[in-house]
2 protein chains.
Amino acid sequence: MYSVSVIDDIPEVRPGDDLVELIGSRAELADGDIVVVTSKIVSKSEGRFVAADDREQAISDETVRVVATRTTADGRTTRIVENRLGIVSAAAGVDASNTPDGTVLLLPVDPDGSARSICVGLRELSGVSVGVIISDTLGRAWRQGQLDVAIGAAGVHVFDDLRGTLDNSGKPMVVTQPCVADEIASAGDLVKGKTGGTPVAIVRGLGRFVGDLDLPGAATIVRPVDQDLFRTGSEEAYGDGYRDGFSEGQQEAVGL
Amino acid sequence: MYSVSVIDDIPEVRPGDDLVELIGSRAELADGDIVVVTSKIVSKSEGRFVAADDREQAISDETVRVVATRTTADGRTTRIVENRLGIVSAAAGVDASNTPDGTVLLLPVDPDGSARSICVGLRELSGVSVGVIISDTLGRAWRQGQLDVAIGAAGVHVFDDLRGTLDNSGKPMVVTQPCVADEIASAGDLVKGKTGGTPVAIVRGLGRFVGDLDLPGAATIVRPVDQDLFRTGSEEAYGDGYRDGFSEGQQEAVGL
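These numbers were taken from a predicted model, which means no experiment stands behind them.

> Describe the relation of the copies chain B and chain A, with residues and values.
Screw-axis analysis of chain B against chain A gives a translation of 0.0 Å along the axis, an RMSD of 0.0 Å, and a rotation angle of 180°. Considering both components of the superposition, the chain copies are consistent with a two-fold axis.

> So what about the environment of A:Ser89? Which residues, and what values?
Residue and element names in this part refer to chain A. With respect to the secondary-structure elements, Ser 89 resides in strand E6 (residues 88-89). In sequence terms Ser 89 and Asn 168 are 79 residues apart; their C-alpha atoms lie 37 Å from each other. The contacts of Ser 89, once residues within four sequence positions are left out, are Arg 79, Ile 80, Val 81 and Leu 138. Within the structure, Ser 89 has its side chain in polar contact with the backbone nitrogen of Ala 92 (distance 3.2 Å).

> Talk me through the sheet that holds strand E4 (residues 63-71) of chain B; I want residue IDs and the actual numbers.
As a general point, the strands of a sheet are linked pairwise by backbone hydrogen bonds and lie either parallel or antiparallel. Spatially, E4-E5-E6 (chain B) is the arrangement adopted by the 3 strands of the open sheet, whose pairing is antiparallel. One side of each edge strand has no neighbouring strand; the edge strands of this open sheet are E4 and strand E6 (88-89) of chain B.

> Give a detailed account of the interface of chain B and chain A, specifying residues and quantitative values.
The extent of an interface is frequently quoted as the accessible surface area lost upon association of the parts. Facing the 87 residues of chain B at the interface are 87 residues of chain A. Taken over both partners, the interface formed by chain B and chain A buries close to 7700 Å², and the fraction arising from carbon and sulfur atoms is 56%. Three residues, B:Trp142, B:Arg143 and B:Leu190, lead the burial of chain B against chain A; their summed loss comes to 12% of the area buried on that side. Across the contact surface, chain B and chain A share 4 salt bridges. As a salt-bridge pair, B:Arg143 and A:Asp182 come within 2.9 Å of each other at their nearest N and O atoms.

> Give a detailed account of the sheet that holds strand E1 (residues 2-6) of chain B, specifying residues and quantitative values.
Taken together, 10 strands build an open sheet; the order of strands is E9(A)-E8(A)-E2(A)-E10(A)-E1(A)-E1(B)-E10(B)-E2(B)-E8(B)-E9(B) and the sheet is mixed. A single partner strand is all that each edge strand has here, and the edge strands are strand E9 (147-154) of chain A together with strand E9 (147-154) of chain B. Going from strand to strand, the sheet's axes swing by 25° on average, the running direction of each strand aside. Pairing analysis gives 5 bridges linking strand E2 (residues 34-38) of chain A to strand E8 (residues 131-138) of chain A, with the strands arranged parallel. Residue A:Thr38 lies in a different strand from E8(A), and its bridge partner there is A:Ser135. In the packing of helix H5 (residues 180-192) of chain A onto the sheet, contacts are made with strand E1 (2-6), E2, E8, E9 and strand E10 (200-204) of chain A together with E1 and E9 of chain B, and the angle to E9(A) comes to roughly 120°. Against the sheet, helix H4 (residues 111-126) of chain B makes contact with strand E2 (34-38), strand E8 (131-138) and E9 of chain B, and its axis sits at roughly 65° relative to E9(B), the strand it touches most.

The rules we used
Residues numbered from 1 in each chain as written. Chains lettered and ligands numbered in written order. Predicted model: local features only at pLDDT ≥ 70, side-chain atom pairs only at ≥ 80, totals over all residues. Heavy atoms only, no water. Least-squares fit on C-alpha atoms with pLDDT ≥ 70 in both. Helix = DSSP H or I, 4+ residues; strand = E, 2+ residues; numbered from the N terminus. Contact = heavy atoms within 4.5 Å. Polar contact = N/O pair within 3.5 Å; in protein donor to acceptor, adjacent residues only side chain to side chain. Pairing = 2+ DSSP bridges. Buried area = accessible area lost by both parts, 1.4 Å probe. Salt bridge = Lys/Arg side-chain N within 4 Å of Asp/Glu carboxyl O. Axes fitted to C-alpha atoms, helices over the stretch in contact; angles between N-to-C directions.

In structure tokens, the structure reads:
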């Protein structure tokens, strides 16, 4: 049994604000609590605003690689891109909601580092062992709608590693590795909501996932490139293949 | 604030068992509860065992379409496939853990229909309005590890539709549509675990997502084919394009 609640009196966060104080002074933290912090307030406290009249341009600036593009009948273009954290999403982490006009908000430079700072601070302030997850909202390839996932984590196991354990009938569970950090981020989203005002959730009763500060962070959730079967959209990959094939086919036909 | 707990004395489920009785007699359900049921026990109650010495063959039988294939250096092949429910996953929903030797377990024929039956039964038995989610475990394209998601749902909103609402700064939130059914399935997984024995979680305090029995089910979460940018793995799509391009290039070179 565990519970998920919000801290409901966190004021609008401004650059330079101390999140440890903002959270720690408003929550009676207990040993094993996991604090889920919306990336937006981490970005705001770190002053990650940039002037941008055009959100699309800001997305381009944050994009390391375009994975896939699609233009719908009504002329709206969806871009799936990889951002500098390696995260594949529709907006490169650029946030234009709940921000002042003419500005957008970028993701924290180092979300695992931010999570670690907050975790160290909250452990010192509260005197108990807590974990911290920084959440952001992502779409999925084959499912509609978005989920909150962990883009930063500290003091918490990001995977519940069952590889090698036996199931109830005595067979080894070879490949199951639940991403508990993402599941906890989603559990937090169910109370935090998206319209702002409640950017921090406290998950109480899952202390078995809380651990050392040097546990691997959320960066380890990102699938390495050499295991990514969907590195390029189907249409883009087909186009790349067609061009290469066409050129080789021409050369072969003329005996090169 | 909400809580997530398990029913911890559910016995091994056998074909023909009545899940409504198994769950309803062990849980004091409250108005607005959401009952998350692991698909495995739904399949078992529906007798979805098939004899299979070879799990790979069972996966092939359940596969409607191979999306991508990858063979690692150690010779292990990963197949990403679409199953008959339209769900893209690594094993087509074929489950060989916690099943008797020589058998595998297939997904329920109609998970939304199963959810509806359980929901109707639990509402009748308990006299309160509850929702039901049937969960299964899926991997993701660009993130490691798995999450529990909703493959069946009844009496519960699968999306928290924020399109058209305004954020705190008065701007419309145009495309945000959190998939709360998947988030609730994940929240349930954090207490249910994977090794069996606790296949049902009760989520209490999210009654705002509970609604009519005729709400759309979890089948509506699956992204329609015409919006799927990752219908084929990058390598497969490149290969398809190459073959088509090669043929066209040859023909063009000889003046056809």
